[in-house]
Amino acid sequence: MRKLIRSAAVGMSLAASVLFAPQAIAQDAHAPEQHIAGTDVQLSPDGALDAQTRTIAEANTAAVSATATLCGTGYELEFAEQLPDSRRYGTLFTYVKSSVGAYGVCAVFDNNTTSAKHMKLKLCPNKAGAACPTDEGTYSQYAGPVKYESSNSLYVMCSPVTAIMWDANGTAIIDRVRSATLCD
């Protein structure tokens, strides 16, 4: 009888380790840090996985903090992009908010030149016929924020954002259109 109980206990122990081990391993998998060191800024889950966003945010903590403050409470950094390229005349930051029944996207276009530039930032909801919040003018610091909030996440995700910056001659030195969120 003792052998039977021991055998049953060993068998149950083995079965439990097989059934629960994958779950324990999955929980121990290292997720990327969701916070930008030296700031109060949280990364969205997609932002945490995007190497470019992390690199730009970690190198520009003052700008990340300032632009996050403009977007408001509950927003997390979704992506950051130097524009037009590594010359970095400007940096486009987008933030997302996702809570039960409240979704939002916010964009800020940072002027990284030493002078005021004519800039335009436009965010269009992923919804036919919706108005596109736009900020256009001559700015020495940034254009925006432009925001869109909805109770429907489909209107927020994959919303196109346009960032344009012109030089003193009226030539576009940045003309970028992309999705405001990291979507497929």
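Rules and cut-offs
As a convention, each chain's residues are numbered from 1 in the sequence order in which they are written. Note on the predicted model: pLDDT of at least 70 is required for a residue's local features to be given, and 80 or more for side-chain atom pairs to be given and counted; whole-chain, interface and lining totals, by contrast, use all residues. Side-chain descriptors were evaluated using all non-hydrogen atoms of the structure, hydrogens and water having been removed beforehand. A run of H or I in DSSP becomes a helix once it reaches four residues, and a run of E becomes a strand once it reaches two; helices and strands are each numbered from the N terminus. Buried, partly exposed and exposed residues are distinguished by accessible area as a fraction of the type maximum, computed with a 1.4 Å probe on protein chains only: under 20%, between the cut-offs, and over 50%, respectively. The criterion used for residue contact is that any of the two residues' heavy atoms lie within 4.5 Å. Note on areas: Shrake-Rupley, 1.4 Å probe, and residue coverage restricted to the protein chains presented here. By the convention used here, strands pair only if DSSP detects at least 2 bridges between them. To get an axis, a line is fitted to the C-alpha atoms, and for a helix only the part in contact is used. The angle between two axes follows their N-to-C directions and goes from 0 to 180 degrees.

> Mind laying out the overall build of the protein, listing which residues take part and the relevant values?
Across its full length, the protein holds 5 helices and 8 strands. If you list the helices and strands of the protein from N to C, you get α-α-α-α-β-β-β-β-β-β-α-β-β. Considering the protein as a whole, with its 184 residues, one finds that 37% of them fall into the buried category. In the protein, the share of contacts with a sequence separation of at least 24, taken over all contacts with a separation of at least 6, comes to 52%. When the accessible surface of the protein is split by element, carbon and sulfur atoms take 55% of a total near 10300 Å².

> Before we move on, can you summarise the sheet that holds strand E3 (residues 102-111) with the specific residues and values?
Within a sheet, adjacent strands bond to each other through the backbone by hydrogen bonds, running parallel or antiparallel. Spatially, the 4 strands line up as an open sheet ordered E1-E2-E3-E6, and their pairing is antiparallel. Looking at which strands have only one partner, the edges of the open sheet turn out to be strand E1 (76-83) and strand E6 (142-150). Taking each pair of neighbouring strands and ignoring which way they run, the sheet shows an average axis angle of 10 degrees. In this structure, E1 lies alongside strand E2 (residues 90-99), joined through 7 bridges in antiparallel fashion. Looking across to E2, one finds that Leu83 is bridged to Gly90. Running at roughly 85 degrees to E1, helix H3 (residues 51-59) makes contact with E1 and E2 of the sheet.

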